[in-house]
Amino acid sequence: MDKKYGKYLTTGEFAKLCKVNKQTLFYYDQIGLLSPILKNEKGYRYYSIRQIELFFVIDLLKDLDMSLHDIQLYMKNKSPERYLSLMHQKKEEIMKKRQEIEMKEKFIEAQIALMEEASHLDFQQVTLEILPEATLYLSKNIENITEEEFVEVVSEFINELNESHLDTGYPIGVITKREQILKGEFTNYSYLYIEQPNPKEGHPYFKSVKGNFIIGYHIGDENTIHHTYKRLFSEMERLNVTIGEYVFEEYIYDSVVKNLKEHYVTKIMIQVAQ
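Residues numbered from 1 in each chain as written. Predicted model: local features only at pLDDT ≥ 70, side-chain atom pairs only at ≥ 80, totals over all residues. Heavy atoms only, no water.

Asks: Which residues make up unusual backbone geometry, and what values do they have?
Replies: Phi angles above zero are rare outside glycine, and K19 is one such case at about 60 degrees. Position of K19 among the secondary structure elements: in the loop between α1 (11-18) and α2 (22-30). Since its relative accessible area comes to 73%, K19 is described here as exposed. Positive phi outside glycine occurs at H165, with the angle close to 55 degrees. Inspection of the secondary structure puts H165 in the loop between α6 (147-163) and β6 (173-177). Assessed through its relative accessible area of 29%, H165 is described here as partly exposed. (Helix = DSSP H or I, 4+ residues; strand = E, 2+ residues; numbered from the N terminus. Buried < 20%, exposed > 50% of the residue type's maximum accessible area, 1.4 Å probe, protein only.)

The structure is reproduced here in structure tokens:
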């Protein structure tokens, strides 16, 4: 460029520095978002090196899902106070996104661990094991409720998991009380639950106490689960143990990894009376 204009950059040079094509700069000029600092008598456009930071801020705000319209509104009414407020707002949004990404990472890690563990299980085996204490987040009581009420409770439970970031990636299970099991009401569940390895303050939790459990696996849907319970009861009789206060069920394989209900796998953990 002619030296009389000073040290400016052509559109191509400025676009290269900003790692965009020239059409982006033409469009920003057209909508009044970022215009060349100078246009000479021949129509050539020139940018100042000082405008690069402005471009980077526009690019940052776009990456943070701020619309071009909202960026335009800011550009028309710029001030140090408004800029500071905008940066604080975007910082909070980034922190929230980071928390969400960390939650998703933990969810994925839990899913990987569960699937790898499942690949080594013998679903025909029944065992007597000592399970450690666990902290569970519970739904409202779901015993003897209507289908409509059940849908409402499940919806409320899932919403709370999402809003309070309580979804740990562990399977959502069900708790059934001893009296229901003894009456053969294997699907008259008492609560939904999800394990909380790192419980957060301010939420009601249920403590699953450390103790002995008969553990077996049901292959198929809930309509045939009574056959598996019969097999587990036979093993309990052989071991001369009786059912404790609660029974816990969790899906090992469900619709996420299996196409047919007949191939679903449910882990059944029957608490043994002390």
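That was the structure; now back to the text.
Asks: Give a detailed account of the environment of Y44, specifying residues and quantitative values.
Replies: As for its placement among the helices and strands, Y44 is situated in the loop between β2 (38-39) and β3 (45-47). Overall, Y44 belongs to the partly exposed group, its relative accessible area being 48%. Considered as a pair, Y44 and T10 are 34 residues apart in the sequence and their alpha carbons are 7.8 Å apart. Not counting chain neighbours up to four residues away, the residues in contact with Y44 comprise L38 and K39. (Contact = heavy atoms within 4.5 Å.)

Asks: Help me get a handle on the layout of surface pockets, residues and values and all.
Replies: By volume, the second largest pocket amounts to about 330 Å³. Lining the second largest pocket we find 13 residues, and of these M103, K106, H165, N198 and K200 sit closest to its centre. Residues belonging to the lining of the second largest pocket are distributed by class as follows: five nonpolar, five polar and three charged. (1 Å grid on protein atoms, 1.4 Å probe; cavity = no way out; pocket = protein on both sides within 12 Å on 5 of 7 lines; lining within 4 Å. Points joined across faces, edges and corners; volume = space filled by probe spheres on them. Nonpolar A, V, L, I, M, F, W, Y, C, P; charged D, E, K, R; others polar.)

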